[in-house]
Amino acid sequence: MKSKREFLEKPSVNTDVYKQDWRWQEGDLTVTRTMQWTAPGCHNGCSVLHYTKGDELVKIEGDPLSPYNEGRLCMRCLAMKDTVNHPDRLKWPLKRVGERGENKWERISWDEAYGIIEENVRKIWAEDGPETIVSMQGTGRNICWQTPYLSYSAFGSPNFVLGFLSGDACYLPRTTMGHCFMGDFMVADCSQHLEKRFDDPEYVLPEVIMIYGNNPVISNGDGFFGHWIIDCMKRGTKLIVVDPSLTWLASRAEVWLKVRPGTDAALVLGMLNVIINEKLYDKEFVEKWTYGFDELEKRVQEYPLEKVEKITWVPKDKIVEAARLFAKAKPGAIQWGLAVDQSVAGIPTAHGLLCMAALCGDIDVPGGCMIPRCAYDISDSYGCGLWNLSEEMLGKMLGVDTSPLHALGFDPTANGDTVLQAIETGKPYPIKMLFIQSTNTFANMSADSARVYNAMKSVPFNVVVDPFMTPTAVACADVVLPAAMSAERNSARVWWWPLRSIVKVSQYYEAKSDETIILEIGKRLNPDLFPWEDDIEMMDWWLQSGNRFHAGWPKKTDMTFNELKEKVMSWPEDWGYKKYEKGWLRDDGKPGFNTNTGKAELFMTLFDAWGFDPLPYYEEPPESPVSTPELFKEYPLILTTGQRTWEYFHSEQRQVPVLRESHPDPLVELHADTAASLGIAEGEWVYVENMRGKCKLKVKFNSTLDPKVVRAEHGWWFPEREAAEPSLFGVFDSNINNLTQQGVTGPTLYGAPYKNQICKIYKITPENDKVSPSEIVTRLGGFKNVK
Ligand SMILES: Nc1nc2c(c(=O)[nH]1)N[C@H]1C(S)=C(S)[C@@H](COP(=O)(O)OP(=O)(O)OC[C@H]3O[C@@H](n4cnc5c(=O)[nH]c(N)nc54)[C@H](O)[C@@H]3O)O[C@H]1N2
Ligand SMILES: Nc1nc2c(c(=O)[nH]1)N[C@H]1C(S)=C(S)[C@@H](COP(=O)(O)OP(=O)(O)OC[C@H]3O[C@@H](n4cnc5c(=O)[nH]c(N)nc54)[C@H](O)[C@@H]3O)O[C@H]1N2
Ligand SMILES: [Mo]
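If you're wondering where the values come from, they're calculated on a predicted model, not measured in any experiment.

J.: Help me out: how do you make sense of the domain arrangement of the protein in this one?
T.: One widely used convention gives an interface's size as the accessible area the parts lose upon coming together. Per the domain assignment, the segments of the protein are domain 1 (94-168 + 394-570), domain 2 (186-371 + 590-610) and domain 3 (629-785). For domain 1 versus domain 3, the distance between C-alpha centres works out to 29 Å. Contact with domain 1, which involves 39 residues of that partner, is made by 34 residues of domain 3. Where domain 1 packs against domain 3, one counts two salt bridges. Residue Glu652 pairs with Arg141 through a salt bridge whose shortest N-O separation is 3.0 Å. At the junction of domain 1 and domain 3, the tally comes to 24 residue pairs in polar contact (both at pLDDT 80 or more). For the side of domain 1 that touches domain 3, the secondary-structure elements that each account for two or more residues are helix 16 (405-408), helix 17 (416-425), helix 18 (441-445), helix 19 (449-457) and helix 20 (471-476). When residues in the side of domain 1 that touches domain 3 are grouped by element, the largest group, six residues, is from helix 19.

J.: Would you explain the site of ligand 2 in this entry?
T.: In the neighbourhood of ligand 2, 32 residues make up the surrounding shell, with Ser219, Asp243, Tyr648, His650 and Arg711 lying closest. The backbone of Arg644 places a nitrogen or oxygen atom 3.0 Å from an oxygen atom of ligand 2. Within the complex, the protein chains bury 99% of what would otherwise be the 920 Å² of accessible surface of ligand 2. Because more than half of its atoms lie within 2 Å of the grid, ligand 2 is assigned to the largest cavity. Taken together, the residues of the shell around ligand 2 break down into 11 nonpolar, 15 polar and six charged. Among the domains, domain 2 (186-371 + 590-610) and domain 3 (629-785) are the pair contributing at least three residues each to the shell around ligand 2.

J.: Where do I start with unusual backbone geometry in this structure?
T.: In this chain, Thr38 is followed by Ala39 through a cis amide linkage whose omega measures -5 degrees. The phi dihedral of Phe164 falls on the positive side, at around 60 degrees, and the residue is not glycine. A relative accessible area of 0% means that Phe164 is categorised as buried. In this structure, Tyr509 is a non-glycine residue whose phi angle is positive, near 40 degrees. By the secondary structure assignment, Tyr509 is in the loop between strand 20 (499-502) and helix 21 (514-525).

J.: Is there a simple way to explain the site of ligand 1 in this structure?
T.: For ligand 1, the set of nearby residues contains 34 residues, the closest of which are Arg141, Thr439, Asn444, Asp466 and Asn737. Here an oxygen atom of ligand 1 and a side-chain polar atom of Arg141 are 2.6 Å apart. Between an oxygen atom of ligand 1 and a side-chain N or O atom of Arg644, the distance comes to 3.0 Å. For ligand 1, the cavity whose grid points lie within 2 Å of the majority of its atoms is the second largest cavity. Its residues assigned to classes, the shell around ligand 1 comprises 11 nonpolar, 16 polar and seven charged. Both of domain 1 (94-168 + 394-570) and domain 3 (629-785) provide at least three residues apiece to the shell around ligand 1.

J.: Could you clarify how one ought to interpret a negative patch on the surface in this entry?
T.: A contiguous patch of negative charge, built from Glu254, Glu309, Asp317 and Glu321, is present on the exposed surface. Take Glu309: it is sitting in helix 12 (residues 305-312). With a relative accessible area of 33%, Glu309 lands in the partly exposed category.

J.: What is the right way to read the packing of aromatic side chains from this model?
T.: In this description, an aromatic ring pair is defined by two values, namely the gap between the centres and the angle between the planes. Under the defined criterion, the tally for this structure stands at 38 aromatic pairs. Ring plane angle 25 degrees and centroid distance 5.5 Å describe the contact between Phe185 and Trp336, whose orientation is recorded as stacked. On the criterion of sequence distance, the pair formed by Phe185 in the loop between helix 6 (172-182) and strand 9 (187-188) and Trp336 in strand 14 (residues 332-336) is long-range, its members being 151 residues apart. By the burial criterion, Phe185 is buried, and Trp336 matches it. Their ring planes at 80 degrees and their centres at 5.2 Å tell us that Phe224 and Trp228 sit as a pair that is edge-to-face. Summarising the burial analysis for this pair, Phe224 and Trp228 share the class buried. Grouped by ring-pair contacts, the aromatic residues Trp145, Tyr149, Phe530, Trp532, Trp541 and Trp542 constitute a single cluster.

The rules behind these values
Residues numbered from 1 in each chain as written. Chains lettered and ligands numbered in written order. Predicted model: local features only at pLDDT ≥ 70, side-chain atom pairs only at ≥ 80, totals over all residues. Heavy atoms only, no water. Domains from an automatic or database assignment. Contact = heavy atoms within 4.5 Å. Salt bridge = Lys/Arg side-chain N within 4 Å of Asp/Glu carboxyl O. Polar contact = N/O pair within 3.5 Å; in protein donor to acceptor, adjacent residues only side chain to side chain. Helix = DSSP H or I, 4+ residues; strand = E, 2+ residues; numbered from the N terminus. Near = heavy atom within 4 Å. Areas by Shrake-Rupley, 256 points an atom, 1.4 Å probe, with all protein chains shown as cover. 1 Å grid on protein atoms, 1.4 Å probe; cavity = no way out; pocket = protein on both sides within 12 Å on 5 of 7 lines; lining within 4 Å. Sits in = over half its atoms within 2 Å of the grid points. Nonpolar A, V, L, I, M, F, W, Y, C, P; charged D, E, K, R; others polar. Buried < 20%, exposed > 50% of the residue type's maximum accessible area, 1.4 Å probe, protein only. Patch = residues over 30% accessible without salt bridge, like charges linked within 9 Å, V, L, I, M, F, W, Y side chains within 5 Å. Lys, Arg positive; Asp, Glu negative; His and termini not counted. Charge placed at Lys NZ, Arg CZ, Asp CG, Glu CD. Phe/Tyr/Trp six-rings, centres within 6.5 Å; stacked < 30°, edge-to-face > 60°.

Put into structure tokens, the structure is as follows:
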């Protein structure tokens, strides 16, 4: 494949049409080359061409000259002009005038809105202390450092959380584990960090990629563009896929391991058992660069394959086949996803996979498990501004006394489960204010949605910042601020490399960017820490600041926002593999990994010191045929939830007609035999229920699932239904998180069982459908009163 540079030298893309400038004119349309990243939500950030007329976005195309996505876009991005110009968007700030839940609002000015926020914050500071203010955000929106900076530097509170995501069970188990294991993270190397991509002479194609609990073609999760896998497959890479369902990638894999949901830690230990006992590991790497091999060797003996087969339902010869294929591949890469995090054993599953990468000598070799860092080390991520808090205030961060990992982790945050308890019990201190910026919490993010709904409603003062009116805002906001969407903000994107610009090309009524909102609130509350004139000056500061939590590679940049805007994207000059040999990873500049021992720690010394198991281990899901056999008689199906869909990013986009037409209803997938045994037809609406609650979903057959396993979508609410309670946009009617558990996590507080619950499924009849689940939750005291 030609690199983009060569394309430009001998253009096979029509550069008369696709110019190389960052901006040009085509008739009455202005074309801007930039990047699309939130709002609406996305984990990725693809290069786009924005076509605007005046300040209205009229068309979007993938940028064919960008090595990142090479012109490809997902359907949500292609529909962007409909989302950005949607008439239901919030147009100006609103103040609640009725009771919470009544959906009665008054239009106010920005100045008035900031005034209300300032008044409440100052009162809370005086009466209760800054720590009683909690800021929350959703996943991977373009706000990762912004809300934390606001929390630590304007509110003065250490309590920044991912909106009640139980067990912080998205990404953080993997990143935190990577941090403890080797001081860094790992990502499958599909050449994405190289400007010349596959043409770079240093690059080697992965022989095998193991896709673990991840469906990147749909999800493009964690800054990883899923089609990079397909680009590798086209060049000859083989796949191993671990998934209870036959995904598109699994259907093209050499080996598909159809695992019982929630048992991945055992499966990984089974593969490690084969790799160690058959001596398939890279002896030189293990000796030179890892710590604790003997202890790990001993531990894997506790996981003989017969036992692992019984736990995971994966035949043992398949486990052997996968382990051998991966260990013998030179290089092998692991592309891991959310299912790793979403069990109580999320931490040891991530640990086991890191051990596998290290044992096989795949860490940071070309085409292996690359060690990435954010472009020019720009991101302090969730830690941005922590340095502005006193030691005393830091010590008040909720969750750190149980789990020191929360303060230290790759992404330090307070723990949502602990914040929830504080709201419910007032201990260790009450919570007085929620600043909710980019999460539609109980519609989607939290488990046990009814519990979280009640808790959030009970907090005295709440602010929501969102482009749309959401169930969360209607139920509990006192002030709602309209957020600008991606095409309306000046910002930049780092989730690894390259660094990319986000350029404002349009304006929707009075909406303001998250950066501007934060700056303007910050100026009122703590002007010394918000000295910037405008969002662009603030961006300059951020771009040039580098990461305060580690020294060394990669180097900072002195680029300004306006320079980046014209450059569009920027690659590292000092990129290289085997960084542990070069002294790039450790803060002291010596070779090795950034850990106590300087090695990749199969036996983790930090965990040992903190009293957590320092080796990978298996823990059964808290509710399962094995741990709760009696309950399983009543709820005889294993429920995994939240597999991503093409049309939606979590609870977003349900109001965009072209996407909703493609996916009108919330689905539960089950084996045709299971449906037949329950007398249920495809396309029929059913109740899915367990001990905590129930919801209504539409049946779709998926006979690649085990007959005892079902998969249900998450994030459903209905913008077309009545906003006021008891309906609340029907948010509890089809909410799979009526059934999930909040606050049941691994010992480190990381990892929660979103993807391994139990349930039963039954037909909807006039008798069992008299009251809607939304009414049960909002009016009748919840499912404990009415089933
Ligand atoms: N059962 C089950 N539940 C799950 C999951 C699962 O697999 N199963 N997945 C979980 C995971 S991994 C995650 S990360 C969470 C995600 O949960 P969240 O991140 O909370 O996702 P949403 O509910 O879509 O809320 C995002 C809200 O922010 C708004 N928004 C989008 N972009 C921006 C922006 O740039 N600025 C501002 N101010 N607002 C913005 C959107 O309009 C939307 O209302 O859900 C979790 N919930
Ligand atoms: N379109 C779209 N893209 C998204 C999102 C979105 O909502 N919509 N959300 C974003 C977010 S926040 C995240 S975290 C990522 C997540 O994206 P992914 O990491 O791809 O996660 P999922 O799609 O939840 O699940 C991936 C696969 O795990 C399988 N699975 C289910 N249970 C188990 C299990 O117990 N073990 C194993 N091994 N596999 C299991 C599912 O069948 C599914 O095919 O996607 C991001 N991208
Ligand atoms: Mo996530």
